[in-house]
Amino acid sequence: MEMLTIGAFAKACRLSPKALRLYDELELLRPARVDPDTGYRYYAAGQLEQARLVAWLRRLGMPLARIRTVCALEPGAAAREIRAYWAGVEAETATRRDLAAFLVDHLTHPSEEDTAMLELRYAARSDTGLVRPANQDTAYAGSRVLAVADGFGPAGAPASTAAVEALKTLDRSTLPAGSVLNLLEDAVRGATDAVRGVAGTGEDGTTLTAMLWTGSQLALVHIGDSRAYLLRGGELFRITHDHTVVQSMIDEGRLTPEEATTHPQPALLLKALTNSGTTATPDLRLHDAHPGDRYLLCSDGLSSVVPDPALRRTLSSAPDPETAVRALVTQANEAGGPDNVSCVVADVVTDVVTDAVAGER
């Protein structure tokens, strides 16, 4: 039987030696022989066809677990499995295409709506969940400020409360003069200082996702893995990007979204408000408000257990923000409630006088 070194085999099948070693560890593509003294891997020429199939499927973006399934099938069944996978990819691509079209329209066409009479109707709710002994989240909704913070570490609860309290200085009838994003950035600096004042060590801190209402726009600030969503025209768009190790690996192409679901540390943060010596830079952006928009801010206690399609259905069907936040918390707990769960829902409405509906922790 003709044997090839790992280098020669890698060149022939267009897989790197590093990939071959990984596939060996995952029992996806085992070498034909391993030298007992050196540990060097050798492959049979007959394994080239399977290796090339693996390489092609990886180029399609297929997750390793599904590649293992395909490689174990007969050719006809394998072809059907690949066809089914690609149909799913095309469906997801269509959704992402719609999101791209929305973003292009959002960035290139200024709002033509008469926003003089736009107002917010809002509600906030926070729950301990079914597993955690205490609630380290803080949720707040006011006439101008919407915020969710998810604390962590021994001082997580006071850290999340301190961050939100610092932003509430902007919850007034008239905003100070200046750029709204600059005002929000200054408020986040105040939130960082407030967290440092209550956090004991660098292991204490909080995420922060908040929005500031100007009367025609919502300014967003985001750091960590809490999230903000926009429901517009029946479609749900996530408008924040998780600051986690797993998300960075997806961005770099080292993990597919499917593989990320089984990562052992999905919530390991790259950015947060902490007591460490470094100051993390938050994401800041403006969103034009349209009548009928519904915004959701939530901690990962909701987004990690309730998938986006279920969030869309609940947000689409709830008649008002208070009903929506109650239903969302219930869904998270029905899914096991493994973490504290907090959410804020805000509707952009026209010529409606609303009573303040706000909630904290």
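Residues numbered from 1 in each chain as written. Predicted model: local features only at pLDDT ≥ 70, side-chain atom pairs only at ≥ 80, totals over all residues. Heavy atoms only, no water.

A. Expanded view of the sheet that holds strand 3 (residues 41–44). Taken in spatial order, the three strands of this open sheet run 1-3-2, and their pairing is antiparallel. The open sheet has two edge strands with one neighbour each: strand 1 (3–5) and strand 2 (33–34). As judged from the two bridges shared by strand 2 and strand 3, these two strands associate in the antiparallel manner. Bridging across to strand 3, V34 finds its partner in R41. (Pairing = 2+ DSSP bridges. Helix = DSSP H or I, 4+ residues; strand = E, 2+ residues; numbered from the N terminus.)

B. Quick peek at the packing of aromatic side chains. Applying the stated criterion across every chain, the model contains two aromatic pairs. The interplanar angle of 10 degrees and the centroid separation of 4.4 Å between the aromatic rings of F9 and Y43 together place this pair among those described as stacked. Taken together, the positions of F9 in helix 1 (residues 6–13) and Y43 in strand 3 put the pair 34 residues apart, joining distant regions of the chain. Look at F9 and you get buried, because its relative accessible area is 0%. Taking the relative accessible area as the measure of exposure, Y43 reaches 0% and is therefore buried. Ring centres 5.6 Å apart and planes at 65 degrees place the aromatic pair Y40 and Y42 in the edge-to-face group. Using a relative accessible area of 39% as the deciding quantity, one classes Y40 as partly exposed. The cationic tip of R33 hangs over the ring face of Y42; the distance from NZ or CZ to the ring centre is 4.7 Å. (Phe/Tyr/Trp six-rings, centres within 6.5 Å; stacked < 30°, edge-to-face > 60°. Buried < 20%, exposed > 50% of the residue type's maximum accessible area, 1.4 Å probe, protein only. Lys NZ or Arg CZ within 6 Å of the ring centre and 35° of its normal.)

C. Representation of the nonpolar core in the model. V145, L167, L184, L208, L212 and L273 are the most contacted members of the largest nonpolar core, which has 25 residues in total. Only strand 6 (145–152), helix 6 (156–167), helix 7 (180–198), strand 8 (208–213) and strand 9 (217–223) provide two or more residues apiece to this core. The element best represented in this core is helix 7, accounting for six residues. In this structure L184 touches L167, L170, L212, A219, L220, V221 and L284, once residues within four positions along its chain are discounted. Ranked by size, the runner-up nonpolar core spans 24 residues in total, among them L20, L28, L29 and M62. (Core = buried A, V, L, I, M, F, W, Y, C linked by side-chain atoms within 4.5 Å. Contact = heavy atoms within 4.5 Å.)

D. Expanded view of the packing of helix 3 (residues 48–59) against helix 4 (residues 64–71). The geometry of helix 3 relative to helix 4 is characterised by a closest axis approach of 10 Å and an angle of 140 degrees between their N-to-C directions. By the criterion of interaxial angle, the relationship of helix 3 to helix 4 is oblique. Between helix 3 and helix 4 the crossing geometry is right-handed. Across the interface between the two elements, Q50, L53, V54, L57 and R58 from helix 3 touch L64, I67, V70 and C71 from helix 4. The class makeup of the residues in the contact of helix 3 with helix 4 is seven nonpolar, one polar and one charged. (Axes fitted to C-alpha atoms, helices over the stretch in contact; angles between N-to-C directions. Parallel < 35°, antiparallel > 145°, perpendicular 65-115°, else oblique. Left-handed = near helix turned anticlockwise from the far one by under 90°. Nonpolar A, V, L, I, M, F, W, Y, C, P; charged D, E, K, R; others polar.)

E. Representation of the sheet that holds strand 4 (residues 118–127) in the model. Spatial strand order, 4-15-14-10-11: five strands in an open sheet with antiparallel pairing. The sheet is open, and its two edges are formed by strand 4 and strand 11 (235–238), each paired on a single side. Direction aside, the axes of adjacent strands within the sheet are offset by 20 degrees on average. Pairing analysis gives ten bridges linking strand 4 to strand 15 (residues 341–350), with the strands arranged antiparallel. Across the sheet, L120 pairs through a bridge with V348, a residue of strand 15. Against the sheet, helix 11 (residues 308–317) touches strand 10 (227–232), strand 11, strand 14 (294–298) and strand 15, its axis set at about 55 degrees to strand 10.

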